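Structural description and commentary
Below, each chain spelled out in residue letters.
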Amino acid sequence: MAKQVIAAVVVVLLMAAAAYAAFFVAPTERSMGLIQRIFYLHVPSAWTAFTAFFICFIANLQYVFRRQPRWDWLGVSSAEVGLAFTTVVLVTGPIWAHPVWGIWWTWDARLTSTFVLWLLYVSYLLLRTLIEEPDRRALLSALFGIFAFIDVPLVYGSIRWWRTQHPQPVILGAPGSGLHPAMRAVLFFCWIAMLGLMALLLRQRYQLEALRAEFDIVRRESEAR
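We now turn to the structure provided with this report. (Residues numbered from 1 in each chain as written. Predicted model: local features only at pLDDT ≥ 70, side-chain atom pairs only at ≥ 80, totals over all residues. Heavy atoms only, no water.)

Within soluble globular proteins, side chains that are nonpolar tend to cluster in buried spots. One finds Phe-53, Leu-117, Tyr-121 and Tyr-124 to be the most contacted residues of the largest nonpolar core, which totals 29 residues. Elements with a minimum of two residues in this core: α2 (39-66), α3 (69-101), α4 (109-130), α5 (134-148), α6 (151-161) and α7 (181-224). A per-element tally of this core places α2 first, with eight residues. When residues no more than four places from it in sequence are discounted, the contact partners of Tyr-121 are Phe-53, Cys-56, Ala-79, Leu-83, Gly-145, Ala-148 and Phe-149. Counting residues in each nonpolar core, the second largest holds 16 residues, with Ile-38, Val-43, Trp-96 and Ala-193 among its members. (Core = buried A, V, L, I, M, F, W, Y, C linked by side-chain atoms within 4.5 Å. Buried < 20%, exposed > 50% of the residue type's maximum accessible area, 1.4 Å probe, protein only. Helix = DSSP H or I, 4+ residues; strand = E, 2+ residues; numbered from the N terminus. Contact = heavy atoms within 4.5 Å.)

This is the structure:
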């Protein structure tokens, strides 16, 4: 318990430091002004969601080949955490877009593929509620989770493969693209803070899923008597 409290305090301090850096350390962008600072929440949330979905993908593969419940627990836990961060992306994107583009939403490649990604992982979680038998639920959801991950590289590559309303990448982008060194440092620091939050949430969610599985075993044994 003490380790969990310490980890939570560290994450809170990291998030507070990241927020301070985003508002007071990073320079103000010339064309967009203050609204651009939402970049330091929007982009790290997207990267963190990708990281969580990658963990889900690996856990799903491991379950398919090993059929160990712990991989199912990790898969559903990382899917939920990734979905939470994707929701942040979908909320902060229109808030940023409206003052800059004059519209809240447009069905371009990046935005549409991100919304599809959100729907896929909502469907992943809904699928699990429709199947009662644990092994069958774990296997079918793992197979669906492997399929759902296909959209992650599509979201990442959409602004590289198609001309979209969404800005072109400033990290690993075309020649001439890039960020001010202070902006880049703040961006990656915010991502580290988000990864810390993801790890904390993932650990708690995994423990909850393990307890739920133990409870289901006890319930089924009592019903069989």
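Still more ground to cover, so stick around.
This brings us to the packing of aromatic side chains. The final tally for this structure, using the stated rule, is 17 aromatic pairs. Here the aromatic rings of Trp-47 and Trp-191 are separated by 5.1 Å at their centres, their planes lie at 75°, and the arrangement is edge-to-face. Here Trp-47, found in helix α2, pairs with Trp-191, found in helix α7; they are 144 residues apart in sequence, far enough to count as distant. Judged by its relative accessible area of 23%, Trp-191 falls in the partly exposed class. Ring centres of Phe-53 and Tyr-121 lie 3.9 Å apart, and the angle between their planes is 10°; this geometry places the pair in the stacked category. With Phe-53 in helix α2 and Tyr-121 in helix α4, this pair connects stretches of sequence that are 68 residues apart. (Phe/Tyr/Trp six-rings, centres within 6.5 Å; stacked < 30°, edge-to-face > 60°.)

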